[in-house]
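# What the coordinates show
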Amino acid sequence: MAIVIHRMKKDEALESAYIACQSLIGKRYALVQESLSKRLIDAMEMKEILLVAKSEEILVGFAWIDPKGAFSSAPYLRLLAVEEKFRGLRVGSVLLDAFEESTQHIGRDYVLLVSDFNEQAIHFYEKHGYVKRGSLPDFAREGITELIMVKKRNKDVI
Ligand SMILES: CC(C)(COP(=O)(O)OP(=O)(O)OC[C@H]1O[C@@H](n2cnc3c(N)ncnc32)[C@H](O)[C@@H]1OP(=O)(O)O)[C@@H](O)C(=O)NCCC(=O)NCCS
C-alpha cells in the first residue's frame, strides 16, 4: 500500500481527531473529537509538527510531534494513531519513521509515553527500538500508568 506523509492542514484536524477517539486510548481516556481537534489546531499554531498519512487520498493516520517536548530538549511523540481498518499495513511504522526523521536535527533521544494497558502499541514501539525507561503512575488519568519509552540515538550530543 502506497503511503504518503504530509503536514496536517487545519481542515484535516477533525478527521484525525476522530481516528484517535475511536481507538482504545480514545475510549479509555474519553477523548472528545471536537476538543482534540481544537488542540491539534492549537499545536499547529505553536509550531509543533502534525503529520498525516494518506493512502489514495484517504486519511489513514496521524502523528503529533513536539520537537523538544521532552524536558525542553528531546523529541516527544505526543500521539500516534492509525485508522482501525488500516492497522497492520505499516502506516504506523511510516509515521514513526517520519517522527524520527523530522526531529533528527534536535540531536537527543526520541521519547514517548504509552499507557501500560496498550499492549499492542508497546509491542509496536519495542519492535522499532524503543525501550521502557520508567513509569508515571496516575499521570494523565487516575489508575492508569504511563510508560516512558526511549529510543537511543547513535551519536552523542551535549
Ligand atoms: C499502535 C499503532 C499506531 C500501530 O500502527 P500500525 O499501522 O497498525 O502498525 P504497523 O502496521 O506499522 O506495524 C504493525 C505492528 O503494529 C502492532 N499493532 C498494534 N496494533 C495493531 C493492530 N490492530 N493490527 C495490527 N498490528 C498492530 C503490532 O505490533 C504489529 O506488529 P506484528 O506484525 O509483529 O504483530 C496502531 O495500532 C494504533 O493506531 N493504535 C491505536 C492508537 C494507539 O494506541 N497509539 C499509540 C499510543 S500513542
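So, a few notes on the structure that sits alongside this text. Note that the structure is a prediction, hence the values are computed from the model and not measured. (Residues numbered from 1 in each chain as written. Predicted model: local features only at pLDDT ≥ 70, side-chain atom pairs only at ≥ 80, totals over all residues.)

## As for the overall build of the protein
What the protein contains, in helices and strands, is 5 helices and 7 strands. The helix and strand sequence of the protein, counted from the amino end, reads β-α-α-α-β-β-β-α-β-α-β-β. The C-alpha atoms of the protein give a radius of gyration of 15 Å, which matches the 15 Å a tight globule of 158 residues would have. A total of 158 residues make up the protein; the buried ones form 31% of that total. Considering only contacts within the protein whose residues lie at least 6 apart along the sequence, 57% involve residues at least 24 apart. (Helix = DSSP H or I, 4+ residues; strand = E, 2+ residues; numbered from the N terminus. Rg over C-alpha atoms; globule rule 2.2 N^0.38 Å. Buried ≥ 20, exposed ≤ 12 C-beta atoms within 10 Å, placed from the backbone. Contact = placed C-beta atoms within 7 Å.)

## Some points on the site of the ligand
Lining the immediate surroundings of the ligand are 21 residues, of which Arg 87, Gly 88, Gly 92, Ser 93 and Gln 120 lie closest. Of all the secondary-structure elements, those providing two or more residues to the shell around the ligand are α2 (24-28), β4 (74-82), α4 (91-102) and α5 (119-127). Ranked by residue count, the leading element in the shell around the ligand is α5, at 5 residues. (Near = placed C-beta within 6 Å.)

## Focus: helix α3 (residues 33-45)
If you check α3, its first and last C-alpha atoms are 19 Å apart, about what 13 residues at 1.5 Å a residue would give, namely 18 Å. In this structure, the buried side of α3 is in contact with α1 (13-22), β2 (49-55) and β3 (58-70). (Expected span 1.5 Å × (residues − 1).)

## Thoughts on α1
Those residues of α1 lying buried are Ala 13, Ser 16, Ala 17, Ile 19, Ala 20 and Cys 21. Of the surrounding elements, those touching the buried residues of α1 are α2, α3, β2, β3 and β4.

## Points about the nonpolar core
Leu 51, Phe 62, Ala 63, Leu 95 and Leu 112 are the most contacted members of the largest nonpolar core, which totals 39 residues. In contact with Phe 62, not counting residues within four places along its chain, are Met 8, Ser 16, Ile 19, Leu 50, Leu 51, Val 52, Ala 53 and Ala 81. (Core = buried A, V, L, I, M, F, W, Y, C linked by C-beta atoms within 7 Å.)

## Structural notes on the sheet that holds strand β1 (residues 4-7)
Spatial ordering of the open sheet is given by β1-β2-β3-β4-β5-β7-β6, a layout of 7 strands whose pairing is mixed. With partners counted over all chains shown, the strands left at the sheet margins are β1 and β6 (131-137), one partner each. With strand direction ignored, the average angle separating the axes of adjacent strands in the sheet is 30°. Pairing between strand β5 (residues 110-115) and strand β7 (residues 145-151): 6 bridges, direction antiparallel. Counted as the bridge partner of Tyr 110 is Lys 151 from β7. Together, β2, β3 and β4 form the strand contacts of α1, whose direction differs from that of β3 by roughly 85°. Strands in contact with α4 are β1, β2, β3, β4 and β5; relative to β3, the strand with the most contacts, it is inclined by about 30°. (Pairing = 2+ DSSP bridges. Axes fitted to C-alpha atoms, helices over the stretch in contact; angles between N-to-C directions.)

## Regarding the environment of His 128
Topologically, His 128 is positioned in the loop between α5 and β6. Taking the C-alpha atoms as reference, His 128 lies 8.3 Å from Lys 151; in sequence the two are 23 residues apart.

## With respect to unusual backbone geometry
Unlike most non-glycine residues, Ala 30 shows phi in positive territory, near 50°. Along the chain, the position of Ala 30 falls in the loop between α2 and α3. With 8 C-beta atoms counted inside 10 Å, the residue Ala 30 sits in the exposed group.

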